[in-house]
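Okay, here's what each chain looks like letter by letter:
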Amino acid sequence: MFGWLAKPNLTLPERSALMLTIVAASLMAYVRHHEWLNEEHRATVIDNWLKRNNRKSGLVFRARISQAADELARFLVAFHDADEIGELFAFLERAQNSRPGEFPDDDKAVHALMAECERALIANGLAA
């Protein structure tokens, strides 16, 4: 049908991984450059993730998950100090570059962050 209304072919865990990827990219921009990613940059992050994982979604879903991830990233920054945000960003960067099972404690922390993303997705009507 219409590409912008196409239903995404992502499972809830995949949606959570996508959201966490957007949040991590937003935190990177905030930590390194002291500014937030704009919609265009978040759209690029989403497009790259979808291509890398051979998934598709319509423009409406992309816009909504982009906004939800931006809100989550800003929430994290608003309620944590600069050192904690820097540590979170460093953790996400390290976790992204490690293999599952390589650091079991990191795996647990990533799963906790994914659960937070799932809750945000559900709250924003993006779980199904």
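What you see is a predicted model; the values in this text were computed from it and never measured.

Reading the values: rules and limits
Residues numbered from 1 in each chain as written. Predicted model: local features only at pLDDT ≥ 70, side-chain atom pairs only at ≥ 80, totals over all residues. Heavy atoms only, no water. Helix = DSSP H or I, 4+ residues; strand = E, 2+ residues; numbered from the N terminus. Buried < 20%, exposed > 50% of the residue type's maximum accessible area, 1.4 Å probe, protein only. Core = buried A, V, L, I, M, F, W, Y, C linked by side-chain atoms within 4.5 Å. Contact = heavy atoms within 4.5 Å. Patch = residues over 30% accessible without salt bridge, like charges linked within 9 Å, V, L, I, M, F, W, Y side chains within 5 Å. Areas by Shrake-Rupley, 256 points an atom, 1.4 Å probe, with all protein chains shown as cover. Salt bridge = Lys/Arg side-chain N within 4 Å of Asp/Glu carboxyl O. Lys, Arg positive; Asp, Glu negative; His and termini not counted. Charge placed at Lys NZ, Arg CZ, Asp CG, Glu CD. Axes fitted to C-alpha atoms, helices over the stretch in contact; angles between N-to-C directions. Parallel < 35°, antiparallel > 145°, perpendicular 65-115°, else oblique. Left-handed = near helix turned anticlockwise from the far one by under 90°. Nonpolar A, V, L, I, M, F, W, Y, C, P; charged D, E, K, R; others polar. pLDDT = per-residue confidence, 0-100.

Caption draft 1: How the structure looks around the side chain of arginine 42. With respect to the secondary-structure elements, arginine 42 resides in helix H2 (residues 39-52). A relative accessible area of 4% places arginine 42 in the buried class.

Caption draft 2: Spatial organisation of the nonpolar core. Ranked by size, the top nonpolar core spans 33 residues in total, and within it Leu18, Met19, Ile22, Val23, Leu27, Ile65 and Leu92 carry the most contacts. Of all elements in the fold, only helix H1 (12-33), H2, helix H3 (59-78), helix H4 (82-96) and helix H5 (104-123) reach the threshold of two or more residues within this core. If one sorts the elements of this core by residue count, H1 sits on top with nine residues. Beyond its immediate stretch of four places on either side in the chain, leucine 92 contacts Leu20, Ala24, Leu27 and Leu113.

Caption draft 3: Structural detail: a negative patch on the surface. A grouping of Asp81, Asp83, Glu84 and Glu87 is seen on the molecular surface, where their side chains present a negatively charged patch. Position of aspartate 83 relative to the elements: it lies in helix H4. With relative accessibility at 58%, the residue aspartate 83 sits in the exposed group.

Caption draft 4: Local environment of the pattern of salt bridges. Considering all chains together, one arrives at seven salt bridges under this definition. Notably, a salt bridge pairs arginine 42 with aspartate 70, separated by 3.5 Å at the nearest N-O pair. Here the residue arginine 42 occupies a position in helix H2, and aspartate 70 occupies one in helix H3, the gap between them amounting to 28 residues. Of the residues examined, aspartate 70 reaches a relative accessible area of 6% and is grouped as buried. Among the ionic pairs, aspartate 70 bridges to arginine 74, the shortest N-O distance being 2.9 Å. One end of the pair, aspartate 70, and the other, arginine 74, are both in helix H3, four residues apart, so they sit about a helical turn from each other. For arginine 74, a relative accessible area of 37% corresponds to the partly exposed category. What emerges from the salt-bridge pattern is a single network uniting Arg42, Asp70 and Arg74.

Caption draft 5: Quick look at the packing of H1 against H2. It is the contact of H1 with H2, at a shortest axis distance of 10 Å, that shows an interaxial angle of 140 degrees. The orientation of H1 relative to H2 falls into the category oblique. Viewed along their axes, H1 and H2 form a crossing whose handedness is right-handed. Residues Glu14, Ala17, Leu18, Thr21, Ile22, Ala25 and Ser26 of H1 touch H2, and the partners they reach there are Arg42, Val45, Ile46, Trp49 and Arg52. Residue composition of the contact of H1 with H2, grouped by class: seven nonpolar, two polar and three charged.

Caption draft 6: Spatial organisation of the confidence of the model for the protein chain. For the protein chain, mean pLDDT is 90; residues scoring 70 or higher make up 95% of the total. Across the protein chain, element-level confidence peaks in H2 with a mean pLDDT of 97 and bottoms out in H4 with 87.

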